Amino acid sequence: MATIRSARPCIWVIVLWGCGRAAPEAHAPTHSAETPPAPEPRVEASPPTASEPVVDPPAPKAEREIAYISGPQGLRVEVEGATFVPRAKPVRVGDGWAVRVEVEVTVEGTVLSLLEPAGGPLAFAGALQRGEHATRFTDQRVGDGERFLTPADPVVLRRDFPDGSGEKPLRRGDRLRLEVGLWGLGADADSRRPVKRLFQIDMVVGAKTPQPVVGPPRTADFPGP
């Protein structure tokens, strides 16, 4: 009983302290009339000057549409209002072979600009396998001549591979995958763009006369036709 009575005053004091004294209320800081609050800094964007013109980003170029049509007469390629009919045949070079590429070009109702450097409008790239050794090759353009394609003047573009640029003729066991493109084609010199892979030629040299095969672009790598 003595223990219980001695605890009551402590409990009562604690309760009175909590009920009788409230925490002071928080007041927002005040400013006297003699010291007005400093105004908040204002940041104003400066207008663009004449030396900083606003330039819109260039519009992306539209994708070039190329149509490949295969028929009894072979492959036909249509691009930019022009029609290309490619053919290929083997040509004897010493004790080896080359492939002769010929492309008949016609246009309808328009005039086109064809980039024609020193080696002609046709651009070559591809892969060549000699025995176990396979290499990739690509042309280097020299010059920037121009030829116009008109409806009244169909033309035949012609080029051989190898064409005396240092590559040896193809011999038995050699395998060629030739990507044929155009250095540049467009309505005029300013709008010309390359046609990197117009068509593709595959040729394998065996014991008999090789027969090059013309087709649409696929892959430039071996194996497989």
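The rules we used
Residues numbered from 1 in each chain as written. Predicted model: local features only at pLDDT ≥ 70, side-chain atom pairs only at ≥ 80, totals over all residues. Heavy atoms only, no water. Pairing = 2+ DSSP bridges. Helix = DSSP H or I, 4+ residues; strand = E, 2+ residues; numbered from the N terminus. Axes fitted to C-alpha atoms, helices over the stretch in contact; angles between N-to-C directions. Polar contact = N/O pair within 3.5 Å; in protein donor to acceptor, adjacent residues only side chain to side chain. Contact = heavy atoms within 4.5 Å. pLDDT = per-residue confidence, 0-100. Salt bridge = Lys/Arg side-chain N within 4 Å of Asp/Glu carboxyl O. Buried < 20%, exposed > 50% of the residue type's maximum accessible area, 1.4 Å probe, protein only. Phe/Tyr/Trp six-rings, centres within 6.5 Å; stacked < 30°, edge-to-face > 60°.

**Student:** Go over the sheet that holds strand S9 (residues 155-161) with me, naming the residues and quoting the values.
**Tutor:** Read across the open sheet, the five strands follow the order S1-S2-S3-S4-S9; overall the sheet is antiparallel. Looking at strand neighbours, the two that pair on one side only are strand S1 (66-71) and S9, the edges of this open sheet. Across the sheet, the axes of successive neighbouring strands diverge by a mean angle of 25°, strand direction being ignored. By the bridge criterion, three bridges tie strand S2 (residues 74-79) to strand S3 (residues 82-93) in an arrangement that is antiparallel. Bridge assignment links Val 77 to a residue of S3, and that residue is Phe 84.

**Student:** Quick rundown of the side chain of Arg 64? Include the residues and the values.
**Tutor:** Structurally, Arg 64 is set in the loop between helix H1 (2-20) and S1. A distance of 3.0 Å separates a polar atom in the side chain of Arg 64 from a polar atom in the side chain of Glu 80. Here the side chain of Arg 64 touches Arg 193 through a polar contact of 3.0 Å, landing on its backbone oxygen. Not counting residues within four places of it along the chain, the set of residues in contact with Arg 64 comprises Val 79, Glu 80, Leu 185, Arg 193, Pro 194 and Val 195.

**Student:** Tell me about the confidence of the model for the protein, residues and numbers included.
**Tutor:** Chain-level pLDDT for the protein is 80 on average; 68% of the residues reach the 70-or-more range. Contacts of residues 1-33 to residues separated by more than four positions or lying in other chains number two contacts, the stretch itself having pLDDT below 50.

**Student:** Hey, could you go over the pattern of salt bridges for me, with residue numbers and the actual values?
**Tutor:** Applying the stated criterion across every chain, the model contains 16 salt bridges. Taking the shortest distance from any N to any O, the salt bridge between Arg 171 and Asp 95 comes out at 3.0 Å. Separated by 76 residues along the polypeptide, Arg 171 in the loop between S9 and strand S10 (175-186) and Asp 95 in the loop between S3 and strand S4 (96-107) bring together distant segments of the chain. Relative accessible area serves as the criterion here: at 33%, Arg 171 is assigned to the partly exposed category. Bridged by salt links that share partners, the residues Arg 130, Glu 167 and Asp 174 form one connected network.

**Student:** If you had to explain the environment of Arg 159 to someone new, which residues and values would you point to?
**Tutor:** Along the chain, Arg 159 turns up in strand S9. In this structure Arg 159 comes out as buried when scored by relative accessible area, which is 12%. Separated by 35 residues in the primary sequence, Arg 159 and Phe 124 have C-alpha atoms spaced 9.4 Å apart. Setting aside chain neighbours within four positions, we find Arg 159 in contact with Val 99, Arg 100, Val 101, Gly 119, Leu 122, Ala 123, Phe 124 and Asp 139. A polar side-chain atom of Arg 159 sits 2.8 Å from the main-chain carbonyl oxygen of Leu 122.

**Student:** Which residues make up the packing of aromatic side chains, and what values go with them?
**Tutor:** The tally for this structure, following the rule as stated, stands at two aromatic pairs. Summarising the aromatic geometry, the rings of Phe 124 and Phe 161 are spaced 6.3 Å apart at their centres and angled 75° between planes, so their arrangement reads as edge-to-face. Of this pair, Phe 124 sits in strand S6 (residues 122-130) while Phe 161 sits in strand S9; the two residues are 37 residues apart in sequence, bridging distant segments of the chain. A single burial state applies to Phe 124 and to Phe 161, both of which are buried.

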